[in-house]
Amino acid sequence: MTRVEIEIVPDDVWRCLGPAGGAREQLTRDIDWAISEAAELAEPASVTREMAVGAMGRGTVEFDEGLSVNGPMLPHLMEGAQGAVFFVVTAGAEIGLRVSELFAEDRPLEAIVLDAAGSAIAMNAQSHTVNEIATGRKEEGHQVGPCLVPGNEYWDLEGQRTLFRALPAHRIGVRLLDSLQMDPQKSQSALVPFGEELRILDDPASSPCSRCKATRCPMRLEPYEASWDAENLS
Ligand code: SF4
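Residues numbered from 1 in each chain as written. Predicted model: local features only at pLDDT ≥ 70, side-chain atom pairs only at ≥ 80, totals over all residues. Heavy atoms only, no water.

Peer 1: Looking at this model, I keep getting lost on the pairing of strand 2 (residues 45–57). Mind explaining?
Peer 2: The two faces of a sheet get side chains in turn, since along a regular strand they alternate between them. Across 2 bridges, the pairing between strand 1 (residues 2–3) and strand 2 is antiparallel. Considered in strand 2, the bridge of Arg3 is made with Ala45. Bridge count between strand 2 and strand 5 (residues 83–90): 8 bridges; the pairing is antiparallel. Each bridged residue has a counterpart across the sheet, and for Arg49 the counterpart in strand 5 is Phe86. Judged from the 3 bridges that link them, strand 2 and strand 3 (residues 60–63) form a sheet pairing that is antiparallel. Residue pairing across strands places Val53 opposite Phe63, the latter belonging to strand 3. (Pairing = 2+ DSSP bridges. Helix = DSSP H or I, 4+ residues; strand = E, 2+ residues; numbered from the N terminus.)

Pasting the structure below:
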């Protein structure tokens with residue numbers, strides 16, 4: 001278990017609240033209050049575990065201990081991976097409890113803004129953890145791929161079961177519900193692939209996406225450059 005350092009600013013909360021139009025200025029003090037309240041209540045923490053990649057088949061990537069992840073694009077997204085770092089991060093349970101109290105006290109505005117600040121903290125903890133994983137693996141000479149999150153087009157929510165089988169998430173107070181949602185709700189789970197020969201990278205400029213015509217790919221990291229074809233076919 002690792003305590004995660006977080007730092008949020010009003011724009012992080014706005015990203016979770018969505019557009020406010022003309023109300024933005026009026027909410028400035030509420031946002032500032034929510035940031036300090038959330039920072040007080042949050043217990044941001046993470047668990048991580050490195051897993052070696054075994055065989056890859058059609059729509060399946062196998063890991064240590066008989067674990068596997070399934071999704072049509074996952075073998076492509078992990079092509080060349082030697083391993084992946086699985087992780088769960090959380091902002092803790094206290095923010096969610098306080099949000100429920102505020103709703104019960106008929107203070108919906110404060111509840112909604114605090115809820116958004118809690119989401120911002122969970123996202124900030126995720127970014128911080130991904131950066132640490134990427135920096136560590138790059139220092140070891142690996143390439144690092146984009147963070148892959150269950151519950152997306154490329155990997156359905158069943159992937160949560162694999163992550164929670166591999167990780168001692170109970171050590172940071174996170175459990176997986178039958179609905180495959182996490183409790184506390186302000187938690188995130190994902191894996192980050194790495195390897196010396198990894199093909200799809202977290203750095204858009206080094207990934208092959210700009211030369212790939214798969215226009216509907218949900219993992220595209222960079223727009224397709226039609227000029228690439230022209231230059232290389234001439
Ligand atoms: S855009 Fe192409 S190269 Fe990039 S992830 Fe999608 S399929 Fe792969």
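There's plenty left to go through after this.
Peer 1: For this particular structure, what's the right way to read the pattern of salt bridges?
Peer 2: Think of it this way: side chains of opposite charge can pair up when their charged atoms draw near. Scanning the model with the defined rule gives 13 salt bridges in all. The salt bridge partner of Arg98 is Glu101, with a shortest N-O separation of 2.7 Å. Taken as a pair, Arg98 and Glu101 lie in helix 4 (residues 94–104) at a separation of 3 residues, close to a single helical turn. Take Glu101: its relative accessible area is 41%, and that puts it in the partly exposed class. (Salt bridge = Lys/Arg side-chain N within 4 Å of Asp/Glu carboxyl O. Buried < 20%, exposed > 50% of the residue type's maximum accessible area, 1.4 Å probe, protein only.)

Peer 1: Help me out: how do you make sense of the environment of Ser187 in this one?
Peer 2: Following the sequence through the fold, Ser187 ends up in strand 9 (residues 187–195). For the pair formed by Ser187 and Glu101, sequence separation is 86 residues and the distance between their alpha carbons is 20 Å. When near neighbours in sequence (up to four residues on either side) are disregarded, Ser187 contacts Val89, Thr90, Ala122, Val174 and Met182. Within polar-contact distance, the side chain of Ser187 engages the side chain of Thr90 at 2.9 Å. (Contact = heavy atoms within 4.5 Å. Polar contact = N/O pair within 3.5 Å; in protein donor to acceptor, adjacent residues only side chain to side chain.)

Peer 1: Where do I start with the site of the ligand in this structure?
Peer 2: Neighbouring the ligand are the residues His76, Ile200, Cys209, Cys212, Cys217 and Arg220. Class assignment of the residues belonging to the shell around the ligand gives a composition of 4 nonpolar, 1 polar and 1 charged. (Near = heavy atom within 4 Å. Nonpolar A, V, L, I, M, F, W, Y, C, P; charged D, E, K, R; others polar.)

Peer 1: Could you clarify how one ought to interpret the environment of Val89 in this entry?
Peer 2: Residue placement: Val89 occurs in strand 5. Residues within four places of Val89 in sequence aside, it is in contact with Ala45, Ser46, Ala122, Ala125, Gln126, Thr129, Ile172, Ser187 and Gln188.

Peer 1: Quick question: what am I supposed to make of the nonpolar core here?
Peer 2: The nonpolar side chains of a soluble globular protein tend to be buried, and buried together. Phe63, Met78, Phe86, Val88, Leu148 and Leu191 are the most contacted members of the largest nonpolar core, which totals 32 residues. Elements with a minimum of two residues in this core: strand 2, strand 3, helix 3 (74–77), strand 5 and helix 6 (159–166). Sorting elements by how many residues they give to this core places strand 2 first, with 4 residues. Contacts of Val88, omitting those with residues within four sequence positions, involve Ala45, Ser46, Val47, Phe164, Leu167, Ala169, Ile172, Val174, Met182, Gln188 and Ser189. Within the second largest apolar cluster, 21 residues are counted, among which are Ile31, Ala34, Ala42 and Val113. (Core = buried A, V, L, I, M, F, W, Y, C linked by side-chain atoms within 4.5 Å.)

Peer 1: In this structure, what is going on with the domain arrangement of the chain? I would like to understand it.
Peer 2: By a frequent convention, interface size equals the accessible area lost on bringing the separate parts together. With domains assigned, the chain is organised as domain 1 (2–202) and domain 2 (204–234). The gap between the C-alpha centroids of domain 1 and domain 2 is 28 Å. Domain 1 puts 10 residues into the contact, and the matching count from domain 2 is 8 residues. Surface buried jointly by domain 1 and domain 2 totals about 750 Å² across both partners, of which 77% is contributed by carbon and sulfur atoms. Summed over the shared surface of domain 1 and domain 2, the number is 0 salt bridges. The interface formed by domain 1 and domain 2 includes 1 residue pair in polar contact (both at pLDDT 80 or more). Residue composition of the side of domain 1 that touches domain 2, grouped by class: 7 nonpolar, no polar and 3 charged. (Domains from an automatic or database assignment. Buried area = accessible area lost by both parts, 1.4 Å probe.)

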